[in-house]
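A look at the structure
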Amino acid sequence: MKEEKKLGLMALILMIFTSVYGFNNIPRSYYLMGYAAIPWFVIAGILFFIPFAFMVAEFGSAFKDETGGMYSWMCKSVGPKYAFIGTFMWYTSYVLWMVNVSSGIWVPVSNLIFGEDCTSSWSFFGSKILSGSRLLGVMAIIFFIFITYFDSKGIDKISKVTSIGGTAVLVINIMVVVGSVVMIIARHGQLEQPFLGAESLMVPLNTAYQGSPIMILSFIVYALFAYGGIEAVGGLVDKTENPKKNFPKGIVAAALVIVVGYAILILLVGSFTNYSEILGTDSITLGNVSYVIMSNFAAAFGKVFGASVATQAALAHGFARVYALIMLLALMGAMFALVYSPLKQIIDGTPKELWPGNMGEIAEDGMPKNAMWIQCAIVCIMILLVSFGGDTMQQFFVILTAMVNVGMTVPYMFISFAFPKFKKMKNIDRSFEVFKTQKSANIWGYVVTLTLFFANAFAIIQPAIEGDWKTTFWSLSGPVIFGLAALIIYKRYEKKLAAGEFNKENTDDVDDENENVVTE
């Protein structure tokens, strides 16, 4: 058998970078905090990204032969109920992502067609009832049903556009870096948004964040979200050359590249974007700010080289269309893949009998069709409730973004909290270790867990303090509702298990997993 080719240090760094780095995090962070976002990315990198990446790497190495991924890690370290609730909440974070993307995908569509975001003015034949966020909600529901229908037929080939979109986003990053540097040189070092050193790093440009420590602390969730995706790192340990030496180096190097990359690009956004002039209007939302900034990039480039106002406008609209097409391809590809892949992963990794009815059935073509249509119904109901909440378009996207940020970072707490218990396990593969002692595992396990807990607590509480109870409600609703749903599903399974409704061979895996749990 041909030996599998191992990843070198540089290949490993690139793999981690592509799994974690997200360009959209940069314009959104600049919009929310300006240059003051940079220190929070550094703090989040130190207290979360690096130690958490090492944790999942140890989990992945120790349980490299397990097919259940993070479910297996937590099941063997703590127990099946804990593992199921944590994994179910990880899965439902993708449900919240689908709600967000189904609604937000119309922003790149608008930019592609019109060269700007005009979704706030859309209406269905002049109807006030079906306009703005409500119309986007209805369109999002139709879109998601369409995606689910095609995926349920096994037509997943369209997900190949992800690679096209991903490559194009990399090109956009390079263009922004090169273009910004050229503009800075052409303006003899002058930035459109002046950088005042420590003051700029401490005082947010967004007036809503100025003088509000809780709002500033709540921003750390955005920084934590920007490091999402590192759970995929767990499977790379055994695919790396000389992992004991190269893997820690790779994690640290990738972390530095990502942290520095985010910091430099936020700084470069300020080099061509004057905050009050470009982002100081109510028409800017978390849904369209990336397109506004990228349009401004093209216009600013033209301005530096003496282009007329009309030419600057043409460049802005043209580049907005190009960027919108790239993001549309990337989002469509991701949507086609993620409508079924997280669902299939959680169903494959857990006992079939755990799922109510025929939810746990996988069709011959590998698609969990029954579960996909239940998922579709849940996503559509959530879109309907959020979009018809009577909010402005700006508030609509604040709620959607808050739901996803909280929903996607809360499940990481289950992994980091399980890590100290994992360290106490005996007779498992310890060929790769970063945390050499139980004490270090305890300290960093709880540091990461508390970082995630307090960041999410501030993010959830802050809107309510400002009088925005809706954002608080929807931020909290995902983890609470889906956490309770997971608990109910597992309690039902336990009752049926105790009543002897399942065959013995079907429960052997759970029995084995319970035997592996370490008691203190």
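Residues numbered from 1 in each chain as written. Predicted model: local features only at pLDDT ≥ 70, side-chain atom pairs only at ≥ 80, totals over all residues. Heavy atoms only, no water.

1. Focus: a nonpolar patch on the surface
A cluster of nonpolar residues, Leu170, Ile174, Val177, Val178, Val181, Val182, Ile185, Phe301 and Phe305, forms a patch on the protein surface that exposes about 770 Å² of accessible area. The greatest single-element share of the nonpolar patch, amounting to seven residues, is contributed by helix H8 (residues 161-186). With respect to the helices and strands, the residue Val178 is situated in helix H8. (Patch = residues over 30% accessible without salt bridge, like charges linked within 9 Å, V, L, I, M, F, W, Y side chains within 5 Å. Areas by Shrake-Rupley, 256 points an atom, 1.4 Å probe, with all protein chains shown as cover. Salt bridge = Lys/Arg side-chain N within 4 Å of Asp/Glu carboxyl O. Helix = DSSP H or I, 4+ residues; strand = E, 2+ residues; numbered from the N terminus.)

2. Some words on the confidence of the model for the protein
The share of residues in the protein with pLDDT of 70 or more is 90%, and the mean pLDDT across the chain is 83. Per-element averaging of pLDDT across the protein places helix H21 (residues 504-515) at the bottom with 47 and helix H2 (residues 25-33) at the top with 92. Throughout residues 504-520 the model reports pLDDT below 50, and contacts reaching past four residues in sequence, or to other chains, amount to 25 contacts. (pLDDT = per-residue confidence, 0-100. Contact = heavy atoms within 4.5 Å.)

3. With respect to empty space enclosed by the protein
By the definition in use, this model includes three cavities of 30 Å³ or more. Around the largest cavity sit Asn25, Arg28, Ser29, Tyr222, Phe225, Thr401 and Asn405, which together line it. Elements that contribute at least two residues to the lining of the largest cavity include exactly H2, helix H11 (220-226) and helix H18 (393-423). Top element by residues in the lining of the largest cavity is H2. It accounts for three residues. (1 Å grid on protein atoms, 1.4 Å probe; cavity = no way out; pocket = protein on both sides within 12 Å on 5 of 7 lines; lining within 4 Å. Points joined across faces, edges and corners; volume = space filled by probe spheres on them.)

4. A closer look at the packing of helix H3 (residues 37-62) against helix H12 (residues 243-272)
H12 packs onto H3 with a crossing angle of 160° between their chain directions and a minimal axis gap of 10 Å. Of the possible angle classes, the one that applies to H3 and H12 is roughly antiparallel. Handedness of the crossing formed by H3 with H12: right-handed. Residues Ala37, Ile38, Phe41, Val42, Gly45, Phe49, Ile50, Ala53, Phe54 and Ala57 of H3 form the contact with H12, whose own contacting residues are Phe247, Pro248, Ile251, Val252, Ala255, Ile258, Val259, Tyr262, Ala263, Ile266 and Leu267. The residue inventory of the contact of H3 with H12, partitioned by class, reads 20 nonpolar, one polar and no charged. (Axes fitted to C-alpha atoms, helices over the stretch in contact; angles between N-to-C directions. Parallel < 35°, antiparallel > 145°, perpendicular 65-115°, else oblique. Left-handed = near helix turned anticlockwise from the far one by under 90°. Nonpolar A, V, L, I, M, F, W, Y, C, P; charged D, E, K, R; others polar.)

5. A look at the environment of Phe143
In this fold, Phe143 is placed in helix H7 (residues 132-152). Spatially, the C-alpha atoms of Phe143 and Ser180 are 36 Å apart, while their sequence positions differ by 37 residues. Aside from chain neighbours lying at most four places away, what touches Phe143 is Ser102, Ile105, Trp106, Met332 and Met335.

6. A short note on the packing of aromatic side chains
If you walk through the whole model with that rule in mind, you get 39 aromatic pairs. Both rings, one in Tyr30 and one in Tyr35, keep their centres 6.1 Å apart while their planes meet at 70°; by these two values the pair is edge-to-face. Ring geometry for Tyr149 and Phe150: centres 5.7 Å apart, planes at 90°, overall edge-to-face. Here a set of aromatic residues connected by ring pairs shows up, and it is made of Phe17, Tyr21, Phe41, Phe49, Phe219, Tyr222, Tyr227 and Tyr262. Above the plane of the ring of Phe422 lies Arg430, whose end atom (NZ or CZ) is 4.5 Å from the centre. (Phe/Tyr/Trp six-rings, centres within 6.5 Å; stacked < 30°, edge-to-face > 60°. Lys NZ or Arg CZ within 6 Å of the ring centre and 35° of its normal.)

7. Examining unusual backbone geometry
Within the chain, His188 stands out as a residue other than glycine whose phi angle is a positive 60°. When you line up the elements, His188 lands in the loop between H8 and helix H9 (198-202). For Asn427, which is not a glycine, the phi torsion comes out positive at approximately 55°. Here Asn427 shows up in the loop between H18 and helix H19 (438-465). You can call Asn427 exposed: its relative accessible area is 83%. (Buried < 20%, exposed > 50% of the residue type's maximum accessible area, 1.4 Å probe, protein only.)

8. Some points on the environment of Trp40
Tracing the sequence through the fold places Trp40 in helix H3. By relative accessible area, which is 17% here, Trp40 ends up buried. The spatial distance from the C-alpha of Trp40 to the C-alpha of Tyr222 is 9.1 Å, given a sequence separation of 182 residues. Excluding its chain neighbours within four sequence positions, the residues that come into contact with Trp40 are Met33, Ile216, Leu217, Phe219, Ile220 and Ala223.

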